[in-house]
Amino acid sequence: MNKTVIISILVLLFLTEIINAQSKKNNLLTRIPKNYEVKSAIEIESLVPIFFWGGYHIGIGYRYKKYRVRVSVINGGDYNVDSQALNNTSNDFERYYKTGPGLFLGYNIWKNLELHGYIEGHTFQVKQLSTGEEQYLKSLDVGIGISYQFFIGRIFYIQPGVHSYFRANQSLTFSNNEIYNIPTVELTPILRLGIRIFKQF
């Protein structure tokens, strides 16, 4: 084997090593995108605390960049919703979420901070405490909320926030002629646990 062939092989090996080293350097310098820079993803989440009252909640959403649309269903179990109302008119009643759907549209205004509007079709079970009598009331509620997704890695997240609800005046008359007026404004803290899957950056 002559000197020219040996030198050529050594030059090729040297160039190959340089190319590999540069490739590794480029990989190290490649910026890992932040979770809030996701281009598209499916998000599945739940208001986990509601399970402590015997209820359930599940929400499934599609995120496109900063936008998210989500559908959900909730049953509040034995949780007294009137305890969170800003204008609760009476302590003689309790009100519970029965199964109802919701539609949410959100937008990330800063990083993982989401501002969202929604409409929910609620059926409430209203209980008169003095007699135990129960009646049902349907309400179409709208609201705005704000929450932040704190990610644990790339998949799991915790999303605390605050929701507001606005609704029309409605009332129920019980058998002893006592009247229940549903609060027209509610403000409630929320805590959702979720996963993000099928994500694209």
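Residues numbered from 1 in each chain as written. Predicted model: local features only at pLDDT ≥ 70, side-chain atom pairs only at ≥ 80, totals over all residues. Heavy atoms only, no water.

1. Some details on the packing of aromatic side chains
Applying the stated rule across the entire model yields 10 aromatic pairs. Here a set of aromatic residues connected by ring pairs shows up, and it is made of Phe-93, Phe-174 and Tyr-180. In this structure, Arg-95 is placed above the aromatic ring of Phe-124, and the distance from its NZ or CZ to the ring centre is 4.6 Å. (Phe/Tyr/Trp six-rings, centres within 6.5 Å; stacked < 30°, edge-to-face > 60°. Lys NZ or Arg CZ within 6 Å of the ring centre and 35° of its normal.)

2. Digging into the nonpolar core
Tyr-97, Val-126, Leu-172, Phe-174 and Tyr-180 are the most contacted members of the largest nonpolar core, which has 18 residues in total. If you tally residues by element for this core, the top one is strand E6 (residues 113-128), at 3 residues. Here Tyr-180 is in contact with Asp-82, Phe-93, Arg-95, Val-126, Gln-170, Ser-171, Leu-172 and Phe-174, once residues within four sequence places are set aside. (Core = buried A, V, L, I, M, F, W, Y, C linked by side-chain atoms within 4.5 Å. Buried < 20%, exposed > 50% of the residue type's maximum accessible area, 1.4 Å probe, protein only. Helix = DSSP H or I, 4+ residues; strand = E, 2+ residues; numbered from the N terminus. Contact = heavy atoms within 4.5 Å.)

3. Let's talk about the pairing of strand E9 (residues 156-166)
Here strand E7 (residues 134-148) pairs with E9 via 4 bridges, running antiparallel. Considered in E9, the bridge of Gly-145 is made with His-163. Of the strand pairs in this sheet, strand E8 (residues 150-152) and E9 are connected by 3 bridges, and their pairing is antiparallel. From the neighbouring strand, Ile-152 faces E9, where its bridge partner is Phe-156. Strand direction decides the pairing type here: E9 and strand E12 (residues 185-200), joined by 11 bridges, are antiparallel. Bridge pairing in E12 links His-163 to Thr-188. (Pairing = 2+ DSSP bridges.)

4. Quick look at the pattern of salt bridges
As enumerated under the stated definition, the model contains 12 salt bridges in all. Glu-186 is paired through a salt bridge with Arg-95; the nearest N and O atoms lie 2.4 Å apart. Of this pair, Glu-186 sits in strand E12 while Arg-95 sits in strand E4 (residues 93-97), and the two are 91 residues apart along the sequence. Accessibility classification places Glu-186 together with Arg-95 in one group, the buried group. A cluster of three or more residues bridged by salt bridges with shared partners is formed by Glu-43, Glu-45, Arg-63, Arg-68, Arg-70, Glu-114, Arg-192 and Arg-196. (Salt bridge = Lys/Arg side-chain N within 4 Å of Asp/Glu carboxyl O.)

5. Description of the layout of surface pockets
Computed from the structure, the largest pocket encloses a volume of approximately 370 Å³. Considering the residues around the largest pocket, the lining is formed by 21 residues, among which Leu-47, Ile-50, Thr-188, Pro-189 and Ile-190 are closest to the centre. Broken down by secondary-structure element, the contributors of at least two residues to the lining of the largest pocket are strand E3 (67-75), E6, E9 and E12. (1 Å grid on protein atoms, 1.4 Å probe; cavity = no way out; pocket = protein on both sides within 12 Å on 5 of 7 lines; lining within 4 Å. Points joined across faces, edges and corners; volume = space filled by probe spheres on them.)

6. A few points about unusual backbone geometry
Phi angles above zero are rare outside glycine, and Lys-111 is one such case at about 50 degrees. Among the secondary structure elements, Lys-111 is positioned in the loop between strand E5 (100-110) and E6. Using a relative accessible area of 37% as the deciding quantity, one classes Lys-111 as partly exposed. Residues other than glycine seldom take positive phi values, yet Phe-198 does so here, at roughly 50 degrees. Within the fold, Phe-198 resides in strand E12. Its relative accessible area of 67% is what places Phe-198 among the exposed residues.

All we've got here are geometric facts, nothing functional implied.
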